[in-house]
There are 2 protein chains.
Amino acid sequence: MPREASRGLNSAINVCRLRGAQMTPLRQGVLKALWSADRPLGAYDLRDLVEKAFDRQIPAPSIYRILDFLCEQGVATRIESLNAYVACGHPERDHACVFLVCEACGDATEIENPKVEKLISEDAKRLGFVVKHQVVEMSGLCAPCQQAS
Amino acid sequence: MPREASRGLNSAINVCRLRGAQMTPLRQGVLKALWSADRPLGAYDLRDLVEKAFDRQIPAPSIYRILDFLCEQGVATRIESLNAYVACGHPERDHACVFLVCEACGDATEIENPKVEKLISEDAKRLGFVVKHQVVEMSGLCAPCQQAS
DNA sequence: TTATCGAATGATACATTGTTGCATTCACTG
DNA sequence: CAGTGAATGCAACAATGTATCATTCGATAA
């Protein structure tokens, strides 16, 4: 696992601990798998990885529960358009994620843009709508994949 | 079906015709079901509705192919966070949809905000990323449901 | 230490959503 | 009327997600 990922993982674990949220071995295992991956992973991909790491079978519901937990803690994010999950780089800030999802290589880059959140929230407010969770995912081609094609 | 929906349906049919895209009876049936609904419908919900309307069985792959077609034509949109589909109100303009999805009543309101698209596209451009499709979905509570709770 | 209690996980079965591959039908065109 | 490509039918299956209940684990308090 690259150093940056290692830092991200530790940071996430600390964030959870500070909140009093239990970071169990299995939860750490799932989060570690997410940090080790270079692309979003599906729940069953994660199950396979964690089963190998723990050398035993893990039931699907456990994986889903753990993913729910990690997303609630803000240390992972579900990418709706892929039915997949990624580790989140800055869980300490309560923020909204924006992803650039490459159709070719499958990589999902998280970008930060608080303006987007504000812009939409204002529109929503005008309609009396209270936003609780935002999904912003742009699919297309990343720079390397454009050149490759 | 309300008048507005009826207009929307006809407009969508015309848009497709003008493009030379075949608007077959089955495709119209699916689109009509979408326009008649007051909330996003899943592929299998749609299948049930269209089966009743046509009084015969429809295979799931047909529904999915038709939904793909309708989305490509811009007369319907998939809401990723719900695995569901809605009719799109203005297919003539090539636009990006932004949805407000109410967790309580399930309704999905489409709002227009070209600024959002621009804002993110600029960020993407800076990274050399070419956006082909955008998913912007805000979940929360609509005004009526806030009062109800 | 031990009883207890809630959180987390295990286990089984199942529901929902989406796809593959190939056959058939249909409408248009030469 | 034959040929062609688009659309649909059909069967089986794959992938994703959930419901339910049992069990284990870990902290806390008697």
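Look up a bit, the structure's there.
Residues numbered from 1 in each chain as written. Chains lettered and ligands numbered in written order. Predicted model: local features only at pLDDT ≥ 70, side-chain atom pairs only at ≥ 80, totals over all residues. Heavy atoms only, no water.

Here's the deal with the protein's contact with DNA strand C
Next, step 1: The full set close to DNA strand C counts 15 residues, and Thr24, Arg56 and Arg65 of chain A together with Tyr44 and Arg78 of chain B are the nearest of them.
Next, step 2: When atoms of DNA strand C within 4 Å of the protein are split into backbone and base, the sugar-phosphate part holds 52%.
Next, step 3: Between DNA strand C and Arg65 of chain A, the relevant distance is 3.0 Å, taken from a base nitrogen to a side-chain nitrogen or oxygen of the residue.
Next, step 4: For DNA strand C, a phosphate oxygen lies 3.0 Å from a polar atom in the side chain of Tyr64 of chain B. (Near = heavy atom within 4 Å. Polar contact = N/O pair within 3.5 Å; in protein donor to acceptor, adjacent residues only side chain to side chain.)

Quick notes on helix α2 (residues 25-36) of chain A
All names here are of chain A.
Next, step 1: Compared with an ideal rise of 1.5 Å per residue, which puts 12 residues at 16 Å, α2 spans 16 Å between its outermost C-alpha atoms and is within 8% of the ideal.
Next, step 2: For α2, every residue scored as buried is listed here: Leu26, Gly29, Val30, Leu31, Ala33, Leu34 and Trp35.
Next, step 3: For α2, the secondary structure elements touched by its buried residues are α1 (3-18), α3 (43-54), α4 (60-72), β1 (76-79) and β2 (84-87). (Helix = DSSP H or I, 4+ residues; strand = E, 2+ residues; numbered from the N terminus. Expected span 1.5 Å × (residues − 1). Buried < 20%, exposed > 50% of the residue type's maximum accessible area, 1.4 Å probe, protein only. Contact = heavy atoms within 4.5 Å.)

Comments concerning the packing of α2 of chain A against α3 of chain A
Axes are the key here: two packed helices are described by the angle between their axes and the distance separating the axes.
Residues and elements named next belong to chain A.
Next, step 1: Packing of α2 against α3 leaves a shortest axis separation of 9 Å and a crossing angle of 120°. Between α2 and α3, the interaxial angle falls into the category oblique. Where α2 crosses over α3, the handedness of that crossing is right-handed. Residue-level contacts link Pro25, Leu26, Gly29, Val30, Ala33 and Leu34 of α2 to Leu46, Leu49, Val50 and Phe54 of α3.
Next, step 2: In the contact of α2 with α3, the residues fall into 9 nonpolar, 1 polar and no charged. (Axes fitted to C-alpha atoms, helices over the stretch in contact; angles between N-to-C directions. Parallel < 35°, antiparallel > 145°, perpendicular 65-115°, else oblique. Left-handed = near helix turned anticlockwise from the far one by under 90°. Nonpolar A, V, L, I, M, F, W, Y, C, P; charged D, E, K, R; others polar.)

Re the interface of chain A and chain B
Many structure descriptions define interface size as the accessible area lost when the parts assemble.
Next, step 1: Counting from both sides, the interface comprises 34 residues of chain A and, opposite them, 34 residues of chain B.
Next, step 2: Of the roughly 2,900 Å² buried where chain A meets chain B, counting both sides, 66% is carbon and sulfur surface.
Next, step 3: For the chain A face of the interface with chain B, the top three residues by lost area are Ile120, Phe129 and Met138 of chain A, together amounting to 21%.
Next, step 4: Counting the contacts that link chain A with chain B gives 14 residue pairs in polar contact (both at pLDDT 80 or more).
Next, step 5: Of all the elements in the fold, those that place two or more residues in the side of chain A that touches chain B are β3 (98-102), α5 (114-126), β5 (130-141) and α6 (143-148) of chain A.
Next, step 6: At 12 residues, β5 of chain A tops the list of elements feeding residues into the side of chain A that touches chain B.
Next, step 7: Residue classes in the side of chain A that touches chain B are distributed as 19 nonpolar, 8 polar and 7 charged.
Next, step 8: Bridge analysis of β5 of chain A against strand β5 (residues 130-141) of chain B gives 11 bridges, and the strand direction is antiparallel. Paired with Val136 of chain A across the bridge in β5 of chain B is Val136 of chain B. (Buried area = accessible area lost by both parts, 1.4 Å probe. Pairing = 2+ DSSP bridges.)

Keep in mind these values describe shape, not function.
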